Amino acid sequence: MTLDDTDRAILNRMQDDLPLTAHPYAAIAQEIGIAESDLLARLTRMKDERVITRFGPFFDAAAMGGAFCLCAMAVPSQDFENVLTKVNAHPEVAHNYERTHRLNMWFVLATETPEGIAATAEAIERETGIAVLQFPKLQEFFIGFRVAA
Amino acid sequence: MIDEKDREIIEALQGGLPLVPAPFAQVADGLGLDEKTLMSRLADMKSRGVIRRIAAAPNHYKLGMTSNGMTVWDVEDGRVAELGSQIGALPFVTHCYERPRALPDWPYNLFAMVHGADRDEVEEKRAEIAAILGDACRAKDILYSTRILKKTGLRLKKKG
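Here the structure is a predicted model, which is why all the values come from computation and not from measurement. Residue numbers here run from 1 along each chain, matching the order of that chain's written sequence. Chain letters and ligand numbers both follow the written order, the letters beginning at A and the numbers at 1. In keeping with the predicted nature of the model, local features appear solely for residues at pLDDT of at least 70, side-chain atom pairs appear and are counted solely at 80 or more, and the whole-chain, interface and lining totals rest on all residues. Side-chain numbers here rest on the full set of heavy atoms in the structure, without hydrogens or water.

1. A few points about the UniProt feature "domain: Siroheme decarboxylase NirL-like HTH" (unreviewed entry) in chain B
1) Next: UniProt positions are given in the numbering used here, feature names are shortened, and annotations may be inferred rather than shown by experiment. Under the local residue numbering, the UniProt record ascribes the feature "domain: Siroheme decarboxylase NirL-like HTH" (unreviewed entry) to residues 6-52 of chain B.
2) Next: Each helix corresponds to a stretch of at least 4 residues labelled H or I by DSSP, and each strand to a stretch of at least 2 residues labelled E; elements are numbered beginning at the N terminus. Each end of residues 6-52 of chain B is marked by a C-alpha atom, and these two atoms are 15 Å apart; helix forms 64% of the span and strand 4%.

Structure follows, in structure tokens:
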């Protein structure tokens, strides 16, 4: 789909926090200078067209008492789809990307308890026979993902 | 930490917030709560950091940012905090973390995600990072993503 300037303004604004008010979209529509119904229609269209993959709260598993961990595996190419099916079957796998490296599968585990990371990584190792390297964050230098539309 | 009510709210919202004029009223209705209670619970979860923000996750591929490079660096431990802060502040770096090395396979301890319209643009940005790190960087690499294999975000498992 093609995005016009209004769509881009919406996309940039909606990457920042939505106000916690009864009619939050009306407040943002007013900021941008369009009608609430127009904002909702454009957001719905961008979500349907997958320009927006998700709209809603971003949860922090660690603040809930759980944990996040980036993990990587070196998956032989002939086994890739088979291993992928096994890895993605775990609901703890929140994101998964194929990357250009010997370590070619990179995924994030999000679990409700700190112990859940090791337990899930071990389960994946058992199911696939491939080592799961764990890269938990030690320090975060920037919070907030922004893409200029 | 979260209690059972928070958990129900998270389960109701993990798929997203409805795009309707009164989204909190609609979600509250589905949970048998009133809108004010839901909103005060959400405000509380935000103050505790359980909710970072309520926002859109853009699909950078659909926005023409088709090259996505995870740049990785082996930086002296004593300088990683100072240099990581400088790298994280760059406008084109969307995530920046210090992570443990996994020797001997993986010597890198600083990760910075860079997006661009093509790989040339990502390489230009990567060179800017390299210039900042200078002699403190002993080894480097870049891993481009070639396929999104899953992108659902956090999902709580059903209890019981």
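From this point, the discussion proceeds with the structure in view.
2. Focus on the packing of aromatic side chains
1) Next: Note on aromatic contacts: the rings of Phe and Tyr and the six-membered ring of Trp form a pair at centre separations within 6.5 Å, being stacked when their planes are under 30 degrees apart, edge-to-face when over 60 apart, and tilted otherwise. Going through the model one piece at a time under the given rule, you end up with 8 aromatic pairs over all chains.
2) Next: For the pair W106 of chain B and Y108 of chain B, a centre-to-centre distance of 4.9 Å together with 85° between the ring planes defines the contact as edge-to-face.
3) Next: For W106 of chain B, a relative accessible area of 0% translates into the label buried.
4) Next: An aromatic cluster is present here, built from W106 and F135 of chain A together with W106, Y108 and F111 of chain B joined pairwise through their rings.
5) Next: Above the plane of the ring of Y97 of chain B lies R99 of chain B, whose end atom (NZ or CZ) is 4.5 Å from the centre.
6) Next: When the ring centre of F111 of chain B is taken as reference, the NZ or CZ atom of R99 of chain B above it lies at 5.3 Å. The buried label applies to any residue whose accessible area, calculated with a 1.4 Å probe on protein chains only, is under 20% of its type's maximum; exposed applies above 50%, and partly exposed to all values in between. The criterion is that NZ of a Lys, or CZ of an Arg, lies within 6 Å of the ring centre and within 35 degrees of the ring normal, and then a charge sits over that ring.

3. Description of the UniProt feature "domain: Siroheme decarboxylase AsnC-like ligand binding" (unreviewed entry) in chain A
1) Next: Following the UniProt record, the feature "domain: Siroheme decarboxylase AsnC-like ligand binding" (unreviewed entry) maps to residues 69-141 of chain A here.
2) Next: From the first C-alpha to the last, residues 69-141 of chain A spans 16 Å; its make-up is 32% helix and 34% strand.

4. Details of the pairing of strand β1 (residues 51-58) of chain B
1) Next: Counted residue by residue, β1 of chain B has 7 buried out of 8 residues, so it is predominantly covered.
2) Next: Here, strands pair whenever DSSP counts at least two bridges between them. Bridging between strand β1 (residues 52-59) of chain A and β1 of chain B involves 7 bridges; their strand directions are antiparallel. The residue bridging F59 of chain A from the neighbouring strand is I51 of chain B, located in β1 of chain B.

5. Quick look at the interface of chain A and chain B
1) Next: At the junction of the two partners, chain A supplies 74 residues and chain B supplies 78 residues.
2) Next: Buried area between chain A and chain B, summed over both chains or domains, comes out near 7,200 Å², and the portion from carbon and sulfur atoms is 61%.
3) Next: The working definition used for a salt bridge is a side-chain nitrogen of Lys or Arg within 4 Å of a carboxyl oxygen of Asp or Glu. Residue D60 of chain A is joined to R52 of chain B by a salt bridge in which the shortest nitrogen-to-oxygen separation is 3.4 Å.
4) Next: Two N or O atoms form a polar contact when they lie within 3.5 Å of each other; inside protein one atom must be a possible hydrogen donor and the other a possible acceptor, and for residues adjacent in sequence the pair counts only when both atoms belong to side chains. Counting every contact that joins chain A to chain B gives 37 residue pairs in polar contact (both at pLDDT 80 or more).
5) Next: It is β1 of chain A that contributes the most residues to the side of chain A that touches chain B, 8 residues altogether.
6) Next: Residues are grouped as follows: Ala, Val, Leu, Ile, Met, Phe, Trp, Tyr, Cys and Pro are nonpolar; Asp, Glu, Lys and Arg are charged; every other residue, Gly included, is polar. Of the residues in the side of chain A that touches chain B, the class split is 41 nonpolar, 16 polar and 17 charged.
7) Next: Judged from the 5 bridges that link them, strand β3 (residues 93-99) of chain A and strand β5 (residues 137-151) of chain B form a sheet pairing that is antiparallel. Bridge pairing in β5 of chain B links R99 of chain A to S145 of chain B. Whether two residues touch is decided by their heavy atoms; if any such pair falls within 4.5 Å, the residues are in contact. The buried area of a pairing is the accessible area, by a 1.4 Å probe, that goes missing from both parts when the two are put together, added over both.

6. Here we look at the domain arrangement of chain A
1) Next: Here the domain parsing of chain A yields domain 1 (5-48) and domain 2 (67-135).
2) Next: Distance from the C-alpha centre of domain 1 of chain A to the C-alpha centre of domain 2 of chain A: 36 Å. As annotated, the domain borders come from an automatic or database domain assignment.

7. Quick look at the UniProt feature "domain: Siroheme decarboxylase AsnC-like ligand binding" (unreviewed entry) in chain B
1) Next: Here, UniProt's "domain: Siroheme decarboxylase AsnC-like ligand binding" (unreviewed entry) annotation points to residues 62-150 of chain B.
2) Next: With 27% helix and 40% strand, the stretch residues 62-150 of chain B has end C-alpha atoms that lie 16 Å from each other.

8. Overview of the pattern of salt bridges
Residues and elements named next belong to chain A.
1) Next: Summed over all chains, the structure comprises 25 salt bridges over all chains.
2) Next: The partner of R42 in a salt bridge is D38, with the nearest N and O atoms 3.1 Å apart. Taken as a pair, R42 and D38 lie in helix α3 (residues 36-48) at a separation of 4 residues, close to a single helical turn.
3) Next: With relative accessibility at 17%, the residue R42 sits in the buried group.
4) Next: What makes D38 partly exposed here is its relative accessible area of 28%.
5) Next: Salt bridges linked by common partners bring D4, D7, D38, R42 and R45 together as one network.

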